[in-house]
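Letter by letter, the chains look like this.
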Amino acid sequence: MGEPADTRSALAAAPADLEALAAAERRVLWLATRIVDHANRSWKGEAGLKVGGHQASSASLVSIMTALYLQDLGAADQVAVKPHASPVLHAIEYLLGRLPAGYLTRLRDFGGLQAYPSRTKDPFPVDFSTGSVGLGAAAPLFGALAERYVAAHFGPGDGGRFISLVGDAELDEGNVWEAVVEPATSGLGDVLWIVDLNRQSLDRVVPVIKARQLELQFEASGWQVIELKYGRRLRAAFEAEGGDLLRKRIDEMPNQVYQALFGASEEAVREALLDGLGTTRRRRLTKLLDAHEGEVGALVADLGGHDLADILDALDTARAEPDRPAIIFAYTIKGYGLPIAGRRLNHSALLSSAQVDALRAELGLPEGGDWERPDPASPEGRLVARAAARLARPDPPPREPVPVPAAISERDVARASTQSHFGRTLAALADIQDVGEHLVTVSPDVSVSTNLGSWINKAGVFGTDGGLVVEEADGGQVAWRVSPEGRHIELGISEMNLFLLLGQLARAREPLLPVGTLYDPFVLRGLEGLIYSVYQGGRFVVVGTPSGVSLSREGGAHQSTITPGVGMELPGLVYAEPCYGRELEWFLLDGLRRIGQQDGEALYLRLSTKPVDQAPFAAVAKRRGDEALRSDVLAGGFWLREVGDGRPAVVLVTCGAVVPEVLAAADLLAEEGVAAGVLAATSADRLYRGWRAARRERADPRAGAAVSHLERLVPEELRGLPAVTAIDGASHALAALGACLGMRTMPVGVDAFGQSGSQPALYRAHGIDAEGIAESALVAMAG
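Residues numbered from 1 in each chain as written. Predicted model: local features only at pLDDT ≥ 70, side-chain atom pairs only at ≥ 80, totals over all residues. Heavy atoms only, no water.

1. Some thoughts on the overall build of the protein
Tallying secondary structure elements over the protein gives 32 helices and 21 strands in all. The C-alpha radius of gyration computed for the protein amounts to 31 Å, which stays within 12% of the reference 28 Å derived for 783 residues, consistent with globular compactness. By principal-axis analysis of the C-alpha atoms, the protein measures approximately 100 × 65 × 55 Å. Across the 783 residues of the protein, 57% fall into the buried class. For the protein, long-range pairs separated by at least 24 residues make up 77% of all intrachain contacts whose partners lie at least 6 apart in sequence. A total accessible area of about 31300 Å² is found for the protein, and carbon and sulfur atoms account for 52% of it. The average position of the 77 basic charges and that of the 100 acidic charges among the side chains of the protein differ by 3 Å. (Helix = DSSP H or I, 4+ residues; strand = E, 2+ residues; numbered from the N terminus. Rg over C-alpha atoms; globule rule 2.2 N^0.38 Å. Buried < 20%, exposed > 50% of the residue type's maximum accessible area, 1.4 Å probe, protein only. Contact = heavy atoms within 4.5 Å. Areas by Shrake-Rupley, 256 points an atom, 1.4 Å probe, with all protein chains shown as cover. Lys, Arg positive; Asp, Glu negative; His and termini not counted. Charge placed at Lys NZ, Arg CZ, Asp CG, Glu CD.)

2. A look at the sheet that holds strand 3 (residues 191-197)
Across the sheet, five strands lie side by side as 1-2-3-5-4; this open sheet has parallel pairing. Lying at the two open borders of the sheet, with one neighbouring strand each, are strand 1 (78-80) and strand 4 (224-228). Going from strand to strand, the sheet's axes swing by 15° on average, the running direction of each strand aside. When strand 2 (residues 162-167) meets strand 3, the two strands line up parallel, connected through six bridges. Residue pairing across strands places Ile 163 opposite Leu 192, the latter belonging to strand 3. Contacting strand 1, strand 2 and strand 3, helix 6 (residues 135-154) runs over the sheet at an angle of about 165° to strand 2. Sheet contacts for helix 8 (residues 211-220): strand 3, strand 4 and strand 5 (326-331); angle to strand 5, the most-contacted strand, approximately 170°. (Pairing = 2+ DSSP bridges. Axes fitted to C-alpha atoms, helices over the stretch in contact; angles between N-to-C directions.)

3. Describing the side chain of Thr 545
Within the element layout of this structure, Thr 545 appears in the loop between strand 13 (541-544) and helix 23 (563-569). A polar atom in the side chain of Thr 545 sits 2.4 Å from the side chain of Gln 419. Filtering out sequence-adjacent residues up to four positions away, Thr 545 remains in contact with Gln 419, Thr 450, Leu 518, Tyr 519, Asp 520, Leu 607 and Ser 608. (Polar contact = N/O pair within 3.5 Å; in protein donor to acceptor, adjacent residues only side chain to side chain.)

4. Structural notes on the packing of helix 2 (residues 18-42) against helix 15 (residues 308-318)
Two elements in contact, helix 2 and helix 15, have axes whose closest approach is 10 Å; the angle formed by their N-to-C orientations is 105°. One finds that helix 2 runs roughly perpendicular with respect to helix 15. Contact with helix 2, carried on its side by Leu 18, Leu 21, Ala 22 and Glu 25, involves Leu 308, Ala 309 and Leu 312 of helix 15 and no other residues of that element. Residue classes in the contact of helix 2 with helix 15 are distributed as six nonpolar, no polar and one charged. (Parallel < 35°, antiparallel > 145°, perpendicular 65-115°, else oblique. Nonpolar A, V, L, I, M, F, W, Y, C, P; charged D, E, K, R; others polar.)

5. Some remarks on the nonpolar core
Leu 171, Trp 193, Phe 218, Leu 246, Ile 250, Leu 273 and Leu 285 are the most contacted members of the largest nonpolar core, which has 110 residues in total. Looking at which element gives the most residues to this core, the answer is helix 6, with eleven residues. Among residues more than four places away in sequence, those in contact with Leu 246 are Leu 234, Ala 237, Phe 238, Leu 273, Leu 285, Leu 288 and Leu 299. Judged by nonpolar contacts, the second largest core, of 68 residues, contains Trp 455, Tyr 580, Trp 586 and Tyr 763. (Core = buried A, V, L, I, M, F, W, Y, C linked by side-chain atoms within 4.5 Å.)

6. Quick word on the sheet that holds strand 17 (residues 638-641)
With mixed pairing, five strands are arranged side by side in an open sheet as 17-19-18-20-21. Among the strands making up the open sheet, the edge pair consists of strand 17 and strand 21 (745-748). In this sheet, adjacent strand axes meet at a mean angle of 25° when their direction is disregarded. Alignment of strand 18 (residues 649-654) against strand 20 (residues 723-726), held across four bridges, turns out to be parallel.

7. A few points about the pairing of strand 13
Taking every second residue as pointing to the same face, both faces of strand 13 are buried, with Val 541 and Val 543 on one and Val 542 and Gly 544 on the other. Bridging between strand 13 and strand 15 (residues 602-606) involves four bridges; their strand directions are parallel. In the sheet register, Val 541 faces strand 15, and the bridge partner there is Leu 603.

8. Some words on the pattern of salt bridges
On inspection of all chains with the given rule, the structure shows 46 salt bridges. With a closest N to O distance of 2.5 Å, Arg 324 and Glu 321 form a salt bridge. The exposure class of Glu 321 is partly exposed, given its relative accessible area of 30%. When the shortest N-O distance is used, the salt bridge between Lys 610 and Glu 661 registers 2.6 Å. Placement of the pair is Lys 610 in the loop between strand 15 and strand 16 (612-613) and Glu 661 in helix 27 (residues 659-671), with a sequence separation of 51 residues. In this structure, Lys 610 and Glu 661 share a single accessibility class: buried. Three or more residues joined by partner-sharing salt bridges are found here, namely Arg 34, Asp 37, Arg 41, Asp 357, Arg 360, Glu 367 and Asp 370. (Salt bridge = Lys/Arg side-chain N within 4 Å of Asp/Glu carboxyl O.)

9. Structural notes on helix 5 (residues 86-95)
By the criterion of burial, helix 5 is predominantly enclosed, with ten of the ten residues buried. Within helix 5, the full set of buried residues consists of Ser 86, Pro 87, Val 88, Leu 89, His 90, Ala 91, Ile 92, Glu 93, Tyr 94 and Leu 95. Residues of helix 5 that are buried sit in contact with helix 2, helix 3 (55-59), helix 4 (62-72) and helix 17 (379-391).

10. Here's the deal with the environment of Val 404
As for its placement among the helices and strands, Val 404 is situated in the loop between helix 17 and strand 6 (415-416). Linking Val 404 and Val 440, residues 36 residues apart in sequence, is a C-alpha distance of 14 Å. When near neighbours in sequence (up to four residues on either side) are disregarded, Val 404 contacts Val 435, Leu 513, Leu 589, Leu 592 and Arg 593.

As structure tokens, then:
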């Protein structure tokens, strides 16, 4: 989309002062190096442990980041910084006045500068969290897609770009290519990636560089590809007599040999270049090298990724084609400007005190002046001041939450699955103006099979290429209308892309209500993307459906078991597994409402295609009233059937698809003279969190006698009873609830890989049928 004309003109009106930029580059290198040095040499932590900080990996991006931040960026641009370059980001933010000096001595300290850029943990504004290799690279691509959606529905924004600074090893990650080839991300001209091609991974110098292969892959995906390979001095040498030999020697030299030349003596570099040449060719190349006597080592290390003028030219070229994303392959040196440059094992290497002192002296900094900013009157100081003014961002206006109703349905249908009721609820929300306008759904090519069909019929499918496309399904069940007004985004089959896009929709400039659907077993396929988006503070609803062995004949590959544990253990995400339609509706609406709250969080709903008789829930609602029941449901649980007066007795705790089997087990137990209460744990996550919070509060002598919802549901007089927990998932998911209350507990669930078969046969095999649950209750009662 490009930047607005006025912002671009302001940038163009400030031509680069390369000398001032070079001075700033040296200062940024020093600050980034010293930040890491101070953290490691001043720390008085446990013996044998280090702080770390990646001096070499930071150094390779100093030139690019200095040029980008101090000369090229606009205030609206958003940047994802390569994880290992975070000290460079800290140095630049300090120079720009956005990071107080006191934090420079608190790298990786609790409450200080984070190891990797973090939107939610760092003490200065960070555009994208990075740290999980490949995810920070792809996130801006989905940020641009989210902006494209918002612009189509709410009007154009400020025209900022979405920029990724990518380590070359990150291109080994499969999620990068899933994002690049995703059709929905094509044509995003406000995207720029810059690859830090230093040809080193964590443990080695990469023997074979496949840069051209990578470039071709991006070109095939419609990207503008720009290469920064050799710097201007080296290119000039190539044009001189004998330059063709010099270029051939460097181009054909094994990467390990070439890397070894960085920091080598003049004699060693010359010998490596001349070795094996015949007399005539040796004489020609020697003549060229003699013309650069004393500077041959610097000459062969003159790479495009450290040539400030070339970098600025490449950044300008990247703006030239506003209709497609751009990528710059910048050849760099890992450890650039440091005595460890290019060394094979420099990834975790730290400069010695003597080397740091020498670097300080080389840069002309006085002792005790490690954190000095440039003189404001100097060209460097004026450059930094201009950049700070250009990059200043106004405080964002307060975001008004989207008003979401607490309920829609006033009565229950006779029989329904949670998945089908989810579809009906979304379709109903489409007709509620504020909610419908801000609700956006995303699915990795499983929209119809996750019951989004009715919503899609009303909302349409989002797309900007080629105008309106209409595909009427047979029988008119789903009309696939593609237009910029559509509110459903259909992705290819990539769960990682789904979660990355949900995270970016959640932080779009317009408050959206993002809902993503996928088959529940494949939550695990995109798990790292889910964790990343939640860690960034993303708030959205993810619906995993269908789930468990209730899928029966679908087979073991589609039968999820451990996903409840994932939902319960992931911070910033609430897991819920309702059984009845209005349970699901209340949780969905509550989750959408919490998206806009200051202390809100994401919601994970685990649903089923199993039709369930709604009468038991309707009976409880009639007896207790909707408001009281909804309060209990959202707090995590309610009594479907309370423990009777008869003895002996047992408490059955359950959720989701197997609730009917548990009720049937209670009936079987009643025939044996056992009074069985049935507790529906709509969200074991919230029950446990509430119990833990109350325990912590009671531990504070200044606090009152806090009581959790779980403790109110199961008072003292019931805690001596045995309990059975039953779920269509790993048995441990609900087992902790009994332990919280000190109850003798028998957990029942799916603890083996499933197989194809009828639903009754699979339930019976795993002991989650009525007879198996009743038998487990008798075992629990027997102690």
